[in-house]
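Analysis of the macromolecular model
What follows is the residue order along each chain.
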Amino acid sequence: MHDLAIVGAGPAGLAAAYYLRNEGLDVVVLEAGNEVGGRTLSVPVAGFASNAGAMFVYRGTPAEELAVELQVPTTPFVPTTFGIHVHGETIVDSDNEGLIARLPVSGESRAQLRAFIASAMTEYAALTQGGRITDGASHIVEEKVSERLAGLNADVVDIVRHAVRGGGVADPSELSAKYALRYFASYLAHESENRLYPLDGMQSIPLAMAGRLAEGTVRLGSRVGAVRRDGERFAVELANGETVHAAEVLLAVPAPVVAEIAPDLPAWKREAIAIAKTPGSTELCVTADVTGLDDIADWAFIAVTGRSFDAVIAAVPGDDRRTEDGRRIAQFVCYGNSAGYRPDLVETDAGTDTWVEEFLAVAPRLRGRVLGAYLHTWEHCFSIITPERLAVLPRLQESIDGLHFAGDYTSDSAGTHGAYTEARRVADLVRASRATAVR
């Protein structure tokens, strides 16, 4: 019998095993897929690692600590521009006022957007320090971004909606205004102190952790069908008919999957998990030749309206990496959070071709310069930071007699940095419970 069975080899599951690696515990990590990393998936696109899920390592978080400890190479994300694609035109500028002045919208819409952005910049300056949200932002935790859009023109609402969805997965009607500072306002502010880009891809961190675990700790291709209490231990039933027994279990999978594989959860836990929305999403990764196109090489974030995706985010604005034959490249990820889970799109090359054409509608000067593209869809992307989820966070985190829960949905944030934080919390719980058992 194992001391701990971890379900899921994504960031939370692998990090929990990594934090416990020197504790003398018998730990097994059960992963349904054929590789580790979960939603940190990184794929080679024209020879360069591209992120098909999580994009950045946030400074001052366990994600950065792990990157440093594991010697994962990173580079700062330094945005100098912001862009908007609206009514078929893409306008990018290093100055927000210059950007607004050039938008193909009415004068009234420009005035409203100018006021909205000015307010967002004032709030960002007041409630962040060094790129990180301060405790002073607690008063807007329960406020939603949509409350600030009431009465504005359709063009303005559309631009902000897609910018928010592209940066933070959630619709403005769902996202806490506090976290709009990180996932929306920070791009407008050209914030250079809060994000790092891992040059070998976000998956390089989980891969490095897996490499430091004892052989046999991670079992790939081990899909869990159900987790049940079996007397003084847990029975983890695999899809292949095998049963793994453990004294404790950590469910490190998306909230909807927890509800599927743990049928005996009490009503209060199931109700909390139902509140933790973890919607689907589709992403297009593009590597392009930007030789001689310095302005496009400087793109950072483009809010996109009227297309299948909500935003285009550049991996490394001002990137000067080159192909073997000397061409300057830029990597872009088109975030289709509004598109949701679209397995039909990735079944053939046609879906990728369609999305590439939409990307080229946003960046027409890159026609003939796309070196590679990859389309991926997620049934469960990242957990939305809603006021409702934050309100039930203690119930999401609470363990049930040796059954633990960790993921971005149990964090007070989201994404991989939230998952790594939660892995550390649960590792501490397991460590404490084993110490108590020994005494």
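Just so it is clear, the structure is predicted and the values come from calculations on it, not from any experiment. (Residues numbered from 1 in each chain as written. Predicted model: local features only at pLDDT ≥ 70, side-chain atom pairs only at ≥ 80, totals over all residues. Heavy atoms only, no water.)

Here we take up the UniProt feature "domain: Amine oxidase" (unreviewed entry) in the protein. The UniProt entry lists residues 12-430 under the feature "domain: Amine oxidase" (unreviewed entry), expressed in the numbering used here. With 34% helix and 23% strand, residues 12-430 has end C-alpha atoms that lie 14 Å from one another. (UniProt positions renumbered as here; feature names shortened; annotations may be inferred. Helix = DSSP H or I, 4+ residues; strand = E, 2+ residues; numbered from the N terminus.)

With that settled, the discussion passes to the layout of surface pockets. Here the largest pocket defines a volume of roughly 1,000 Å³. Forming the walls of the largest pocket are 41 residues, and the residues nearest its centre are Glu 31, Ala 32, Gly 38, Pro 254 and Trp 378. Sorting the residues of the lining of the largest pocket by element identifies α1 (11-19), α8 (255-261), β20 (370-378) and α15 (415-438) as the ones contributing at least two each. It is β20 that provides the largest number of residues to the lining of the largest pocket, a total of four residues. For the lining of the largest pocket, a count of residues per class yields 21 nonpolar, 13 polar and seven charged. Quantified by volume, the second largest pocket comes out at close to 440 Å³. Top element by residues in the lining of the second largest pocket is α15. It accounts for four residues. Across the lining of the second largest pocket, the residue classes break down as five nonpolar, 12 polar and seven charged. (1 Å grid on protein atoms, 1.4 Å probe; cavity = no way out; pocket = protein on both sides within 12 Å on 5 of 7 lines; lining within 4 Å. Points joined across faces, edges and corners; volume = space filled by probe spheres on them. Nonpolar A, V, L, I, M, F, W, Y, C, P; charged D, E, K, R; others polar.)

Next up on the list: the pattern of salt bridges. Within the structure shown, the criterion is met by 27 salt bridges. Between Lys 277 and Glu 174 there is a salt bridge, with the nearest N and O atoms lying 3.5 Å from each other. Taken together, the residues span a long stretch of sequence, with Lys 277 in the loop between α9 (267-275) and β16 (281-289) and Glu 174 in the loop between α5 (154-168) and α6 (177-188) at a distance of 103 residues. Overall, Lys 277 belongs to the partly exposed group, its relative accessible area being 45%. The residue Arg 228 makes a salt bridge to Glu 237 at a minimum N-O spacing of 3.3 Å. Assessed through its relative accessible area of 30%, Glu 237 is described here as partly exposed. (Salt bridge = Lys/Arg side-chain N within 4 Å of Asp/Glu carboxyl O. Buried < 20%, exposed > 50% of the residue type's maximum accessible area, 1.4 Å probe, protein only.)

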